[in-house]
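# Notes for the structure review
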Amino acid sequence: RTVYVNGQYLPEEEATVSIFDRGFLMADGVYEVTSVLGGKLIDFAGHAARLERSLKELDMEKPEAFDDLLEIHRELVARNGIEEGMVYLQVTRGNPGDRDFAFPDPATTKPTLVLFTQNKPGLADNPQAQKGIKVISIEDIRWGRRDIKTVQLLYPSMGKMMAKKAGCDDAWLVEDGFVTEGTSNNTYIVKDGKIITRNLSHDILHGITRAAVLRFAKEAQMVVEERPFTIEEAQGADEAFFTSASAFVMPVVEIDGNPVKEGKVGPVASRLREIYLDESRKAGV
Ligand code: PLP
């Protein structure tokens with residue numbers, strides 16, 4: 001696999017980053033994951049805009065190649081022959097040459113930019129989308145700026161492991177009695193035809209897929225309500241689902257051992273998945 005690191009395309013075995021890189025020592029970095037369908041990038045502009053915002057919120061410099069990101073994504077997709085899969089991008093505050101809590105001077109320490117592809121044939125035809133997935137709920141003990149897409153992913157990883165141990169696929173995070181989001185996705189319920197999802201704030205990541213799906217839902221005359229909901233409300237809903245760049249729209253059929261309605265994939269989630277995939281393929285770049 002060819003990867004990209006700081007201006008160079010290299011075989012993955014030859015790509016290196018310093019042990020003093022602040023991404024490695026401090027989780028001082030941000031990332032994006034853009035999916036590829038039919039060899040085209042989905043929602044690239046949205047991911048680039050969110051990356052710019054994440055960098056700004058952390059006072060991190062834009063990497064020199066910021067304006068070439070689309071070209072770099074396309075080049076990696078082409079070199080690695082990706083038809084379906086993902087492009088992972090990470091920017092860290094770089095390598096100041098030593099370990100120190102204070103941010104280094106941006107005049108001397110340049111950000112580190114890394115990109116690689118993940119080949120995932122069958123991403124769109126995921127059989128899990130036909131069956132739906134099971135989730136558990138766990139307490140959300142992450143930091144208070146989840147709107148910034150940082151590489152601090154230890155608690156979400158622990159959440160995935162807790163879900164696995166419980167025989168489930170993912171965990172929904174709960175804070176002050178309300179669902180914030182999933183470990184790596186935005187969460188929704190459907191009640192009496194209405195789509196309910198948590199409003200944007202510092203409490204959740206502003207999903208690029210969320211924005212697209214809500215736009216498509218409104219265009220299809222569906223009613224959307226942006227507000228927090230509880231696990232009990234979700235268990236009593238007609239449908240539940242989540243969205244992310246790599247899972248698209250994924251139905252959730254069981255929460256903490258209780259089926260959502262009859263424990264089957266519902267029509268709203270199925271329809272939104274279909275619309276999202278169709279529209280995304282058309283708009284891919
Ligand atoms: N929320 C969290 C915590 C995430 O990690 C992600 C994606 O990785 C999302 C939501 C969904 O965001 P997007 O649709 O931009 O992939």
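This structure is a prediction, so every number in the text was calculated from the model and none was measured. (Residues numbered from 1 in each chain as written. Predicted model: local features only at pLDDT ≥ 70, side-chain atom pairs only at ≥ 80, totals over all residues.)

## What about the overall build of the chain?
The condition that has to hold: The helix count covers DSSP runs of H or I at least four residues long, the strand count covers runs of E at least two residues long, and both are numbered beginning at the N terminus. For the radius of gyration, the atoms used are the C-alpha atoms, and the globule rule reads 2.2 Å times the number of residues raised to 0.38. Any residue with 12 or fewer other C-beta atoms within 10 Å of its own C-beta is exposed, any with 20 or more is buried, and the rest are partly exposed; the C-beta atoms used are placed from the backbone. By definition, residues are in contact whenever their C-beta atoms, placed on the basis of the backbone, come within 7 Å of each other.
Regarding its fold elements, the chain presents eight helices and 15 strands. Relative to the globule expectation of 19 Å for 285 residues, the C-alpha radius of gyration of the chain, 19 Å, shows essentially globular dimensions. When burial is assessed residue by residue, the chain has 40% of its 285 residues classed as buried. Restricting to contacts in the chain with at least 6 residues of sequence separation, those with at least 24 account for 72%.

## Comments concerning the site of the ligand
Which entries qualify depends on this criterion: In this analysis a residue is considered near a molecule or strand if the C-beta atom, reconstructed from its backbone, is found within 6 Å of that molecule or strand. Under the scheme applied here, ten amino acids are nonpolar (Ala, Val, Leu, Ile, Met, Phe, Trp, Tyr, Cys and Pro), four are charged (Asp, Glu, Lys and Arg), and all others, including Gly, are polar.
In the vicinity of the ligand there are 13 residues, among which Leu 205, Gly 207, Ile 208, Thr 209 and Ala 245 approach most closely. Looking at the shell around the ligand, the elements with two or more residues in it are helix H6 (208-219) and strand E13 (239-244). With three residues, H6 is the largest single contributor of residues to the shell around the ligand. Classifying every residue of the shell around the ligand by side-chain character gives four nonpolar, seven polar and two charged.

## Considerations on the packing of H6 against helix H8 (residues 267-283)
The following threshold applies: Orientation is described by lines fitted to C-alpha atoms, with helices fitted over the stretch in contact, and by angles between N-to-C directions that extend from 0 to 180 degrees. Angular relationships are summarised with four words: roughly parallel below 35 degrees, roughly antiparallel beyond 145, roughly perpendicular across 65 to 115, and oblique for the angles in between.
Between H6 and H8, the least distance of the axes is 10 Å, while the angle of their chain directions is 110°. Judged by the angle between their axes, H6 and H8 are roughly perpendicular. Contacts between H6 and H8 involve Ala 212, Val 213, Phe 216 and Ala 217 on the former and, on the latter, Leu 272, Ile 275, Tyr 276 and Glu 279.

## Some remarks on the nonpolar core
Rules: By convention in this section, buried Ala, Val, Leu, Ile, Met, Phe, Trp, Tyr and Cys residues joined through C-beta atoms within 7 Å make up a nonpolar core.
Core analysis: the largest hydrophobic core is formed by 39 residues, its most contacted members being Val 135, Ala 240, Phe 241, Val 249, Met 250 and Val 252. Only strand E7 (133-139), strand E8 (170-175), strand E10 (186-191), strand E11 (194-197), H6, E13, strand E14 (248-255) and H8 provide two or more residues apiece to this core. Broken down by element, the residue count for this core peaks at six residues, all from E14. Judged by nonpolar contacts, the second largest core, of 22 residues, contains Tyr 4, Ile 42, Leu 76 and Val 91.

## Considerations on the domain arrangement of the chain
Convention followed: Domain segmentation is taken from an automatic or database assignment of domains.
When its domains are assigned, the chain resolves into domain 1 (2-119) and domain 2 (128-283). A straight line from the C-alpha centre of domain 1 to that of domain 2 covers 26 Å. Facing 21 residues of domain 1, the contacting portion of domain 2 comprises 13 residues. Listing elements by their share of the side of domain 1 that touches domain 2, those giving two or more residues are strand E3 (29-37), helix H2 (44-57) and strand E5 (85-92). The leading source of residues in the side of domain 1 that touches domain 2 is E3, at eight residues. Class assignment for the residues of the side of domain 1 that touches domain 2 results in eight nonpolar, nine polar and four charged.

## Looking at the environment of Arg 74
Its location among the elements puts Arg 74 in helix H3 (residues 69-79). Classification of Arg 74 as partly exposed rests on a count of 17 C-beta atoms within 10 Å.

## Some words on H3
Our working definition: In this description, one arc is meant: the one made by directions from the helix axis to the C-beta atoms.
Those residues of H3 not exposed but buried are Leu 69, His 73, Leu 76 and Val 77. Along H3, the residues classed as buried sweep out an arc of 100° about the axis, all on the same side. When the buried face of H3 is taken as reference, the exposed residues oriented beyond 90 degrees from it are Glu 71 and Ala 78. Its buried side turned inward, H3 meets strand E1 (2-5), E3, strand E4 (40-41), H2, E5 and strand E6 (112-119). Backbone geometry just downstream of H3 places Gly 81 in the positive-phi region, at approximately 60°.

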